[in-house]
Each structure stands twice: as C-alpha cells, then as structure tokens.
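Listed below are the residues making up each chain.
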Amino acid sequence: MNSTLYAQNLLAQFSNWERLGDGLHGSRGRANLVEVLPYLIGLALVAAIIFAVVKYIKYNDLSKPCDDPQKLFREISKAHGLDRSSQRLLRQLADALGYVQPAEVFVTPSAFEANQLPEELRDEEARIRELRERLF
Amino acid sequence: MAAALEKTYEVLIGSRNESAGPVLMAALESDDSVVFEGALKAIVARRSKAGHLAVLERWHQLSPDQRKLVHEGRGRLSGAIRDSVLSDDTQLFENACELVREFSEFDLVPTLVTLAENQKSNHAQAATELVLQQVDRLSEMVRGPRDYSDRRDPESIRRYVLESLERSVERFRSHKRPELIEAFVVLGGPSCGLLRDILEDTRHACYKTVTNTLETSESAGVIDLLLSFLKTNGTSLNVLNIISRRADKPFVTQLLECTEDDVFSKITKNLGRMRSLAWLTPEESVAARFDEQDQARCVKLAVALGTKQGDLIELLKIFLELGEPASRLAVCEALISIPGDQANRMVLDSIRDNDPLVQASATRQLRDRHVPGAMAILLKQLDSTHGAVQKSAREALSEFSFKNFLISFDSLPEDARQSTGRLVCKVDPETVPGLASEMESKSRKCRMRAIEMIEVMGLISAMSKNLVELLDDEDHLVRVASADALQFSPTAEVQEALQHALTDRSGAVQNAARASLASIEEQLTGLPTGGQ
C-alpha cells in the first residue's frame, strides 16, 4: 500500500529528476576552451598586475635587508635628491672606471677629477664637476 | 667633513643593504683622510664582521684620533676581534690583542685561554700574557668601587671567566701553563671551592703551582686573596705558612694596613696561629726599613703573633731602642701584657724616654709591675713638666685620692696624716674642691675636720679665702679653728679678716684671732709680739 503511494509520488515529480545523471555521462564532461579562455586571460592579467605591484614595491622598498648594489646606488641617489639623468651619468662614470659597486662613486672624489675622466665622458665634464660639488 | 659626504655615510650606516659593506671597504682604501675616516666610522657603526676585520687589519696604522673613532664601536667589534685573535696573521693577532686590552674584552678570555693552552700555536705565549693582564684588570674591577658607566657587572664577568680558568686548571697536566693557574688564583678568591680543594690536597697536580703563585705573585688579586684568607676563620696552615714566608714590599704594606682597628680583630685569630713573619725578625735593620707609622704597626703585628715571649721581647727591644716615638709607644703599650724582669727593665728604660707619651705609658704601668722604687719614680713623675706624664702618675697612684683620705683621716696617726695628706694633695686634683665642699657641709664635724685636713696638707695659704669665710660660721668652735689656722697665711686680707674677728661675740674666737694676728706680725717682722 505504501510502496504504491511512493511510486505514484515519484512519477508525479518526473520533471525534477529526469536530467539527474546528465553530468556523469562521459560525453558531457569535456570543457569548452573558448568558454574558459576569458577567465584564464583575466586570471593572468590579475597575476601580472600583482607581480608588477610586488616588484614595484620591492624595487622602491629600501628598508628590507638585501644585497643589491643597484638598490644601494638608488638609495644614496635618493638621499641626495639626484634626478634620473644625474643617476645615469654617475652609473656611466662608475661603469667606465670599472667599479664593482656603482655606489663607490659616492665615496670616491677622485673619480670626478677632470683628468681622470674616461674619454667617453669628456663631454659631460661640466655636469660631472657640478655633481662633484654636490656630492663632496 | 662636507655635509653631502656625511649624508652619504649616514645612508651607508643606516642601510640594510649588504652592498654598503663593500662600498665602505673600498672607501677605506682611499688616500683622502676625510673619506677614510668617514668610512672607518661607518664600518665601525655597522654590524659587518668583514668590515670590522678590515679595520682591525689597519689598527696599527691608525692615528690616535682615528683609534678614538674605532673605540666608538666597542662591543660591535667582538666577533671580529675573536676571529683576529684566532688568526695566524701575527699583525692581525697583535692588533686584536691591543683592542682586547683597550676594550677590556673579558668575554674573549675563554678563547685566549684555549689559545694559550695550544702548545702548537705561535701566539700561545702572547695569549697567556694577555689572559693574565685581563684577569688582573678584572680582579681590580671586582675589588674596586663599581663603575656604573660600564653596564657590565664585574661579578658576573668574574664568574664567567673563572669557569673557563677552572676548566684550564683541570687540563693543567696537558698544557702545563703556570700563568693560567696564577690567573685562576688571582680571580678565584677565598670562596672558590676548587682553590680550597687544591690547597688542602698536597698531591693535586696544581698544588705546587698554586702555592708558588700565592708565595711569589705580587698581583693585587693574590695579595688580597692571602689577606682574605688571613681574615677567614679556619684557614689552612698551608696558607698561613705561605703568609708567614712572604716578605715582598707590596704584601707587607697591605698586611700592615690590616692593623687598623676595624680589620685587626678579624686577623688576630689567624696571626695567633702563626709563629713568625719572615720580614719581622729581631734584627737591627728591621726598624730602619719602616717609617714611624709602620714601625708601630709592626709592633702591633708582632704582639698578635704566636711568637715565643723571648723572641718577642728581643724584637720589641729593637723597636724600643731604634724606633721612632710611635713605635716606642706601641712597644710600651705592648709591654702591659708581658710580665717578667726583661719587660720591667724595658718599662723603666721607657720612663727616661724623650717622648712624653712613651714616658706616660711606662709610668701608668709601673705600679702594677711592683718594680722596686716605683713609688719614688711615680712621685717624681708627678712633678713632670708634661701633662700626660703627670696624669699617668696620678692614675698609677689613684688610691691616694681625696675621697679615700677623707674616709680614713680620723683613723690615721698624726704623722701618717701629714705624709699621706701631702701625697693626696699632689695626686688628686679634686682635693681643693673636695675640701671646699667639706667646709660648706652642714655638719660641724665635717667643717672642723676639713680645717684640720687643710692644716696637715699645708693648704692654708691656698684655701685662706675659704677659711676667712668660716670666720663667720654659726659655730664658734669652727670660727676658733679657722682663726687659729689662718695664722699661717700672713696676707693683708687675712689680717683684715682677723681684725674683724676681734669683734666676734665669742671671746674664744677673739682670743684665737688675736693670737693669730700676733703670730702673723711676728712672721712679718721677725720680732716677738706681746699678743696671746
């Protein structure tokens, strides 16, 4: 008596459970790449932005312990308020004189002497003299 | 230094970028002194062992001002100094040793001890010497007043260093460095258990080295240790024997200072267990080796020793004959507790001493010694020109007091009254005030006795004023006695008072006054008068 009543009830709800096993069928499990691609691109973009932000923060964070000659150069340049052009010139000078650490120029007044200047920086003599005045 | 360069160095000091180290090291190569000194200061301020080592390598080339800059990094350089001490590079080692001395780097003593024990190391001897120097300095710090500008606790450092030295003592058989044992002894102190164990165990590997150190080391720490042992109850005889054998000046000076009252009581017990002191023997030169104050201290020490009386007397004789006044006085004071003929003779000799204090001391003890002729000497001393001698003689004759005389006066025969009375008068300065007080007594008997005492003591002239006052006494017998006594004081005041007494209501008083006036007249003119 009871089982008949249950069977009737199930049949009455057929519309609710007729697609119940669709997801388990092998042919229906393949994802469509075209559908997922926008999500992947979005995800990559977010990752790139995060990476860039972290990199930027790391680049400008001078308080973290590290062993980075370039960062030290920027740290000293920042303390002296040097613009990008002056920093570039000082880097060139350090490279030309073969310093392992570019920041060495900040503690080497003799590097700025006109007669010590390498050939390729002769044209910048005036600016270099100006930088010497500023740094020493 | 220019502000801009200073700013660069500020960045380099504060930067957490390890690259600052090589930059500063490069600056350290500069010929420019401003750049060099800036780099030196920055390196010292940073916590970089490589940089600190670079500074240590150059230490011997630095000027005094530059060295001052390095001093500012005291504490941060410890790691580099430790590495340099262990380095094979002799110059670096020497530089590090100098810094160890200058910074008083006691933390490095265990490292130095290890190095000193290493017989293969070329730096072992230098390390040994440095250990001794550091331990001496630490010992001074521990014993001296605390310097609160130095945050290190000397006692904590001492315990730390002592631990490493104790381990070295245990390894003595292998390294055989007596200097390390000496360092251990200097720092150990009387409370060090291991040191006490060694001193009790003559078979201990370090026994000989330890006793030799205690016997020969002039280190202030060792001397302090020996004196601490001397102050400690139950110190072993081995140590006391060492103390008795030591005769070096620094030790003797310190030992003599222990005779000050506050310390002396602590050492007397152990001194009593010692037979002698090597430097304090009955030789004529002994007195000449010390100044006046120390001679007196020598005597004090000698008396406290458990020396045989004969030897002590011999020593005291030398100080009495050749010593300065303070030591002669000390000898005299010491003789109080020494009985016998020899001591008696020394006391009698001291009576003739040039120094009044020595004379006084000898005088004070003369009576108790029962020396023949003491009474005569004491009576002579009563007339001394020195107050101290007089006072001592009075003390020695203290039983001849006015109080005693007053009590026994009535029972004394006439001749004894006179002789004793005159002695009491000399001995007791309270005699005159005492008599004056008796003359004011309410008891007629007392007043009468006082007048009688004045007569037998020959004090009539001295007390004529008091006697004159008694001419107005309510009792006519007292007035009579007073008037009678006054005949021996022929002064104008007395005569006037006696004249007044002629009008007394008592005929006996009048008669006595008249007789006294006649007597005075006779004394003044030398002619007998007709008065009664």
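Criteria and cut-off values
- Residues numbered from 1 in each chain as written.
- Chains lettered and ligands numbered in written order.
- Predicted model: local features only at pLDDT ≥ 70, side-chain atom pairs only at ≥ 80, totals over all residues.
- Helix = DSSP H or I, 4+ residues; strand = E, 2+ residues; numbered from the N terminus.
- Contact = placed C-beta atoms within 7 Å.
- Axes fitted to C-alpha atoms, helices over the stretch in contact; angles between N-to-C directions.
- Left-handed = near helix turned anticlockwise from the far one by under 90°.
- Expected span 1.5 Å × (residues − 1).
- Buried ≥ 20, exposed ≤ 12 C-beta atoms within 10 Å, placed from the backbone.
- Arc of directions from axis to C-beta.

Engineer: Please explain the overall build of chain A as it appears in this structure.
Structural biologist: A count of helical and extended segments in chain A gives six helices and zero strands. Mapped in sequence order, the helices and strands of chain A form the string α-α-α-α-α-α. Sequence-distant contacts, at least 24 apart, represent 49% of the contacts inside chain A between residues at least 6 apart.

Engineer: What is the right way to look at the overall build of chain B in this model?
Structural biologist: Broken down by element type, chain B carries 34 helices and zero strands. For chain B, restricting intrachain contacts to residue pairs at least 6 apart in sequence, the fraction spanning at least 24 positions comes to 64%.

Engineer: Explain the interface of chain A and chain B to me, please; I cannot follow it from the model alone.
Structural biologist: One widely used convention gives an interface's size as the accessible area the parts lose upon coming together. Contacts between the two partners involve 23 residues from chain A and, on the opposite side, 19 residues from chain B. Elements with a minimum of two residues in the side of chain A that touches chain B: helix H4 (69-80) and helix H6 (125-135) of chain A. The element best represented in the side of chain A that touches chain B is H4(A), accounting for seven residues.

Engineer: Teacher, can you tell me more about the packing of helix H9 (residues 124-143) of chain B against helix H10 (residues 154-170) of chain B here?
Structural biologist: Relative orientation and spacing of two packed helices are given, respectively, by the angle between their axes and the distance between those axes. Residues and elements named next belong to chain B. Where H9 contacts H10, the two axes come as close as 9 Å, and the packing angle between them is 145°. Judged by the sense of rotation from one axis to the other, the crossing of H9 with H10 is left-handed. Across from Val135, Leu138, Met141 and Val142 in H9, the residues of H10 making contact are Pro154, Glu155, Ile157, Arg158 and Val161.

Engineer: Quick question: what am I supposed to make of helix H34 (residues 507-525) of chain B here?
Structural biologist: Residue and element names in this part refer to chain B. With 19 residues, H34 should cover 27 Å at 1.5 Å per step; its first-to-last C-alpha distance of 27 Å lies within 8% of that length. For H34, the full list of buried residues reads Val509, Ala512, Ala513, Ser516, Leu517 and Ile520. Summarising the axial view, the buried residues of H34 lie within an arc of 135°, below the 170-degree limit, and thus occupy one face. In H34, the exposed positions that point more than 90 degrees away from the buried face belong to Gly507 and Thr525. Check the buried side of H34 and you find it contacts helix H32 (476-485) and helix H33 (492-501). Just downstream of H34 lies Gly526, where phi reads positive at about 80°.

Engineer: Would you mind going over the environment of B:Asp294 with me for this structure?
Structural biologist: Residue and element names in this part refer to chain B. The topology assignment puts Asp294 in helix H20 (residues 292-304). Judged by the 20 C-beta atoms lying within 10 Å of it, Asp294 falls in the buried class. Sequence spacing of Asp294 and Ala326 is 32 residues, and the spatial spacing of their C-alpha atoms is 9.0 Å.

Engineer: Can you help me understand H33(B) in this one?
Structural biologist: Since there are 3.6 residues in each turn of an α-helix, residues three or four apart along the chain are aligned in direction. All names here are of chain B. Considered for burial, the residues of H33 that qualify are Val494, Ala497, Leu498 and Ala501. Buried residues of H33 fall within an arc of 100° about the axis and therefore sit on the same side. Turned more than 90 degrees away from the buried face of H33 sit Ala492, Glu496 and Gln499, all of them exposed. Those residues of H33 hidden inside the fold are in contact with helix H31 (464-470), H32 and H34.

Engineer: In this structure, what is going on with unusual backbone geometry? I would like to understand it.
Structural biologist: Glycine aside, negative phi is the norm for most residues, and most peptide bonds take the trans geometry. All names here are of chain B. One non-glycine residue, Lys176, lies in positive phi territory at about 55°. Secondary-structure assignment places Lys176 in the loop between helix H11 (172-175) and helix H12 (178-188). Even without glycine at this site, His370 takes up a positive phi of about 55°. Along the polypeptide, His370 turns up in the loop between helix H24 (356-366) and helix H25 (374-382).

Engineer: For this particular structure, what's the right way to read the environment of B:Gly14?
Structural biologist: All names here are of chain B. Within the secondary structure layout, Gly14 lies in helix H1 (residues 3-14). We classify Gly14 as partly exposed; it has 16 C-beta atoms within 10 Å. Between the C-alpha atoms of Gly14 and Arg46, which are 32 residues apart in sequence, the distance is 7.8 Å.

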